[in-house]
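# Descriptive analysis of the structure
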Amino acid sequence: MRTRVTDMFGIEFPIFAFSHCRDVVAAVSRAGGMGVLGALYFTPDELETELKWIDDHVGGMPYGVDVVMPASYEGADLGVDSPADLLARLQGMIPAGHREFVDALLAKHGVAALSGDDAGRALLGWTDATARPQVEVALRHPIALLANALGPPPADVVEQAHAKGVKVAALASTPRHATKQVEVGVDMVVAQGTEAGGHTGEISTMVLIPQVVDAVDVPVLAAGGIGDGRQMAAGMALGADGVWTGSIWLTVEEADTSEVVRRRILAATSRDTVRSRSWTGKPARLLKNEWTDAWEAADSPGTLPMPLQFMLVSDALRRIGRSDATELTTFPAGQIIGTMNQVKSARQVVFDMIEGYVEAMERLGRITAD
């Protein structure tokens, strides 16, 4: 296949695979696509370890790194540059009533407390101060792409990446967002429809892609509910130069997804997800369950803005993960999970997508010929 993005990165297939698992990233890149490692959950030292491993296992093929540098978040106006100082200031902004609500929810489901050295990480790369160290680590490695998952990346970060010969992408859920990203110099826009897992907007993929394609003059990747070749063909028929995929990699052989979440995804339908602020404070599509329901209930105190919400629930999510309270186990996942019912290798998923794409295009060709 040849599109603007395959030429841009020297890859065989215009399939970009977002994953927090290094094994998935390396496997997809070796299979001819491009793996993109989500850096959010890693400290700078951990990210260094992950990227060094990918460097050693990707076979010289290109890969990318995805960071989260939101354009707006609670505490952005505090003028605090130190992550430790920012954490301390933000912790004091979490209301006691919200902490009591989380404690009561966990107690209701019999979720045990964590040991003192097993606490969840309260402040991940949700802020400028905590994401910049991740960018610095990423740019020390031979990455081909730096992506920003929430809004346009800071202009100086785009300049740093370009100075290293690294292309920059950003996710957009509206044409206006896409235009703002191009204005700061991104090389590629990921048009992500509401079907996607994780942070997502309200416009469906089918509607959003042509709007973004018409709004910008850089390559566009179709995202949101894309997991097979037919959907890939549809996205590219709408003007995209490739596809950005995420949820489809949660159940591959190489994924480090917990067995509880893997089983839930394999058994789920496309109606088993919901856009909820209960994870980070911004709307994100998650597996629907008693956790997401609780935050919509009449006795809920309501969610907090990013990054306070995740700081509030980080320990709780870790406690749930270590418990038998599977009714509270949630995870970012898109509506494509309704067709994910078996475990395959990442390589096989790539090849199945290409085979399905070719079959879809041949079918359309026959229609045209007739």
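The structure under discussion appears in the preceding block.
Note that the structure is predicted; figures quoted are calculated from it, not measured.

So, how was this worked out
Residues numbered from 1 in each chain as written. Predicted model: local features only at pLDDT ≥ 70, side-chain atom pairs only at ≥ 80, totals over all residues. Heavy atoms only, no water. Helix = DSSP H or I, 4+ residues; strand = E, 2+ residues; numbered from the N terminus. Rg over C-alpha atoms; globule rule 2.2 N^0.38 Å. Contact = heavy atoms within 4.5 Å. Areas by Shrake-Rupley, 256 points an atom, 1.4 Å probe, with all protein chains shown as cover. Pairing = 2+ DSSP bridges. Salt bridge = Lys/Arg side-chain N within 4 Å of Asp/Glu carboxyl O. Buried < 20%, exposed > 50% of the residue type's maximum accessible area, 1.4 Å probe, protein only. 1 Å grid on protein atoms, 1.4 Å probe; cavity = no way out; pocket = protein on both sides within 12 Å on 5 of 7 lines; lining within 4 Å. Points joined across faces, edges and corners; volume = space filled by probe spheres on them. Nonpolar A, V, L, I, M, F, W, Y, C, P; charged D, E, K, R; others polar. Polar contact = N/O pair within 3.5 Å; in protein donor to acceptor, adjacent residues only side chain to side chain. Core = buried A, V, L, I, M, F, W, Y, C linked by side-chain atoms within 4.5 Å. Arc of directions from axis to C-beta. Axes fitted to C-alpha atoms, helices over the stretch in contact; angles between N-to-C directions.

## Section: the overall build of the protein chain
Looking only at helices and strands, the protein chain features 14 helices and 11 strands. Computed over its C-alpha atoms, the radius of gyration of the protein chain comes to 20 Å, within 12% of the 21 Å expected for a compact globule of 370 residues. Along the first, second and third principal axes, the C-alpha atoms of the protein chain reach 65 × 45 × 40 Å. Sequence-distant contacts in the protein chain: of pairs separated by 6 or more residues, those separated by 24 or more amount to 68%. Here the protein chain has roughly 15,600 Å² of accessible surface; of this, 50% comes from carbon and sulfur atoms.

## Here we look at the sheet that holds strand β7 (residues 198-199)
In sheet architecture, strand pairing relies on hydrogen bonds along the backbone and comes in two forms, parallel and antiparallel. The strand order across the open sheet formed by three strands is β7-β11-β10, and the pairing between neighbours is antiparallel. Looking at which strands have only one partner, the edges of the open sheet turn out to be β7 and β10 (273-276). Where β10 and strand β11 (residues 284-287) come together, four bridges link them in antiparallel fashion. In the strand pairing of β11, R275 is matched with R285.

## Section: the pattern of salt bridges
For the structure on display, the rule yields 11 salt bridges. E259 is the partner of R262 in a salt bridge, and the nearest nitrogen-oxygen pair spans 3.1 Å. Here R262 pairs with E259, and both are found in helix α11 (residues 259-267), just three residues apart, close to one helical turn. In this structure R262 comes out as buried when scored by relative accessible area, which is 9%. Classification of E259 by relative accessible area gives partly exposed; the value is 45%.

## Considerations on the layout of surface pockets
In this approach a probe as big as a water molecule rolls over the atoms, and the regions it shows empty are the leftover space. In this structure, the second largest pocket occupies an estimated 500 Å³ of space. Around the second largest pocket sit 22 residues that line it, and L150, G151, S173, H177 and K282 are the ones nearest its centre. For the lining of the second largest pocket, the element with the most residues is helix α8 (residues 175-183), which contributes three residues. Class assignment for the residues of the lining of the second largest pocket results in eight nonpolar, nine polar and five charged.

## A word on the environment of T200
Its place among the elements puts T200 in the loop between β7 and α9 (205-215). Sequence separation between T200 and T269 is 69 residues; the distance between their C-alpha atoms is 19 Å. Apart from residues lying up to four places away in sequence, T200 is in contact with Q192, G193, T194, R275, P283 and R285. Of note is the side chain of T200, whose polar atom sits 2.8 Å from the backbone oxygen of G193.

## Overview of the nonpolar core
In this structure, I15, L51, V65, L146 and W249 are the most contacted members of the largest nonpolar core, which totals 73 residues. Take this core: its biggest share by element is seven residues, from helix α14 (residues 346-369). The contacts of L51, once residues within four sequence positions are left out, are L37, Y63, V65, V137, A138 and H141. The next biggest cluster of nonpolar side chains, apart from the first, holds 22 residues, and it includes L123, A129, A316 and I320.

## As for unusual backbone geometry
Residue P307 is bonded to the preceding M306 through a cis peptide linkage, with omega at 5°. Within the fold, P307 resides in the loop between α12 (290-294) and α13 (308-321).

## With respect to helix α7 (residues 155-163)
Within α7, burial applies to V157, V158 and A161. One face of α7 carries all of its buried residues, which in axial projection span an arc of 100°. Away from the buried face of α7 by more than 90 degrees, exposed residues E159 and A163 are located. Here the buried face of α7 lies against α6 (128-138), β4 (145-148) and β5 (167-172).

## Notes on the sheet that holds β5
With parallel pairing, eight strands are arranged side by side around a closed barrel as β1-β2-β3-β4-β5-β6-β8-β9. Within this sheet the neighbouring strands show an average axis-to-axis angle of 25°, counted without direction. Sheet topology note: the β5/strand β6 (residues 188-192) ladder contains four bridges and is parallel. Pairing of A172 across the sheet is with A191, part of β6.

## Quick notes on the environment of R230
Looking at where R230 falls in the secondary structure, it is placed in helix α10 (residues 229-237). Each C-alpha atom of the pair R230 and V358 lies 8.6 Å from the other, and the pair is 128 residues apart in sequence. Discounting chain neighbours no more than four positions away, the residues touching R230 are G356, Y357 and A360. Within the structure, R230 has its side chain in polar contact with the side chain of D228 (distance 3.0 Å).

## A word on the pairing of β6
By the criterion of burial, β6 is predominantly enclosed, with five of the five residues buried. Sheet topology places β6 next to strand β8 (residues 220-223); four bridges connect them, and they run parallel. Bridge assignment links Q192 to a residue of β8, and that residue is A223.

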